[in-house]
Amino acid sequence: MKTIKLNTLKGIFISMLVASAAMVACDKNKIGGGEDIGEDPEDDHLYVDLGLSVLWADRNVGSENDGDGGFLIAWGELQPKEDGIPYDFKHYAHAEEKTLHDNSVTDVLTKYCSDPAWGTPDYKFFLEPVDDAATQNWGSPWRTATYDEWRELCNPDKCTWEYWKHNSRYGAKVTSKVPGYEGNWIFLPFTGIKDKSDTKDLEKGWYWTANIHNTAQVWANCKAFSESEITKNQSLVTGCNRACGLAIRPVRDRK
């Protein structure tokens, strides 16, 4: 029988522990901590795998860290407006003034419209990549999450929402309940909303979806939440005037 010295056994045991720890750390980074998956070396945007239908980015468009609210952008526009320009339909990229038969002037939609009463119908119901701030700022395959993807994130059977403070900012911590992904989480900071020349609701999160509202054409679907709504688990997707400035949390399809 071959004899193995105690020091040799000790060395093997330590090596196994180090290797095991490295594997755990690597797996944690891949599944929950985010991973640089951009093919472009300059793409350093991270995702967190919550076990859902898409991979959610760890931060908002325009954010410097995962606790930063980022840009507030009108629906279908690509950048925040310059200082002094209000968030209204007169200055909205997908609207224009129209003079009616009685010589009155109104704003009508020029894109993403299915009702002649609101503008020129093109029957587009989802953001195209050319108008998607997530895609245009971060590159493909990043995009704005859809209504259904936000609804999935709000599903209490798949995720828990809790009021939380992260990186000196309050918001919602969304943690996965999906088997195999339990404990993986993203933080959705309170952002406020740009409405005309005002920034309002600073103690509330406002996030666009990629869908126009199914009844009011001048609205798009969004996710809005306050401390009380998080605490009461009122995780609903609602709507907002498309000319207002809201935050955007990108997603990308699973491989």
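Everything below is about the structure shown above.
Let me sum up the structure you'll find in this document. Everything numeric here is computed off the predicted structure, so don't read it as measured data. (Residues numbered from 1 in each chain as written. Predicted model: local features only at pLDDT ≥ 70, side-chain atom pairs only at ≥ 80, totals over all residues. Heavy atoms only, no water.)

1. Brief notes about the overall build of the protein chain
Thought 1: Looking only at helices and strands, one finds four helices and 16 strands in the protein chain.
Thought 2: Buried positions account for 44% of the 255 residues belonging to the protein chain.
Thought 3: The long-range share in the protein chain, meaning contacts at least 24 apart out of those at least 6 apart in sequence, stands at 51%.
Thought 4: For the protein chain, the accessible surface area stands at approximately 14000 Å², while carbon and sulfur atoms represent 52% of it. (Helix = DSSP H or I, 4+ residues; strand = E, 2+ residues; numbered from the N terminus. Buried < 20%, exposed > 50% of the residue type's maximum accessible area, 1.4 Å probe, protein only. Contact = heavy atoms within 4.5 Å. Areas by Shrake-Rupley, 256 points an atom, 1.4 Å probe, with all protein chains shown as cover.)

2. What to know about the sheet that holds strand β13 (residues 219-226)
Thought 1: Strand order in the open sheet formed by three strands is β12-β13-β14, and the pairing between neighbours is antiparallel. The sheet is open, and its two borders are formed by β12 (204-212) and β14 (237-241), each paired with just one other strand. Direction aside, neighbouring strands of the sheet carry axes that sit 45° apart on average.
Thought 2: Alignment of β12 against β13, held across six bridges, turns out to be antiparallel. Directly across from Ile212, in β13, lies its bridge partner Ala220. (Pairing = 2+ DSSP bridges. Axes fitted to C-alpha atoms, helices over the stretch in contact; angles between N-to-C directions.)

3. Describing the nonpolar core
Thought 1: Counting 33 residues, the largest nonpolar core has Trp75, Tyr92, Trp208, Cys240 and Leu246 as the members making the most contacts within it.
Thought 2: Of all the secondary-structure elements, those providing two or more residues to this core are β2 (54-57), β3 (73-74), α2 (133-138), β12 and β13.
Thought 3: Of all hydrophobic cores here, the second largest spans 24 residues; its members include Val174, Val178, Phe190 and Phe225. (Core = buried A, V, L, I, M, F, W, Y, C linked by side-chain atoms within 4.5 Å.)

4. Section: the pattern of salt bridges
Thought 1: This model, assessed by the stated rule, comprises 11 salt bridges.
Thought 2: A salt bridge links Asp49 to Arg254, with the nearest nitrogen and oxygen atoms 2.9 Å apart. Linking Asp49 in the loop between β1 (47-48) and β2 with Arg254 in the segment after β16 (250-253), this pair joins segments that are 205 residues apart in sequence.
Thought 3: Overall, the relative accessible area of 32% leaves Arg254 in the partly exposed class.
Thought 4: Among the ionic pairs, Glu128 bridges to Lys124, the shortest N-O distance being 2.8 Å. (Salt bridge = Lys/Arg side-chain N within 4 Å of Asp/Glu carboxyl O.)

5. Observations regarding empty space enclosed by the protein
Thought 1: Taken as a whole and judged by the stated rule, the model has one cavity of 30 Å³ or more.
Thought 2: Taken together, Ala74, Trp75, Gly76, Glu77, Leu127, Asp131, Ala133, Thr144, Trp208, Thr209 and Ile248 form the lining of the largest cavity.
Thought 3: Taken together, the residues that form the lining of the largest cavity break down as six nonpolar, three polar and two charged. (1 Å grid on protein atoms, 1.4 Å probe; cavity = no way out; pocket = protein on both sides within 12 Å on 5 of 7 lines; lining within 4 Å. Points joined across faces, edges and corners; volume = space filled by probe spheres on them. Nonpolar A, V, L, I, M, F, W, Y, C, P; charged D, E, K, R; others polar.)

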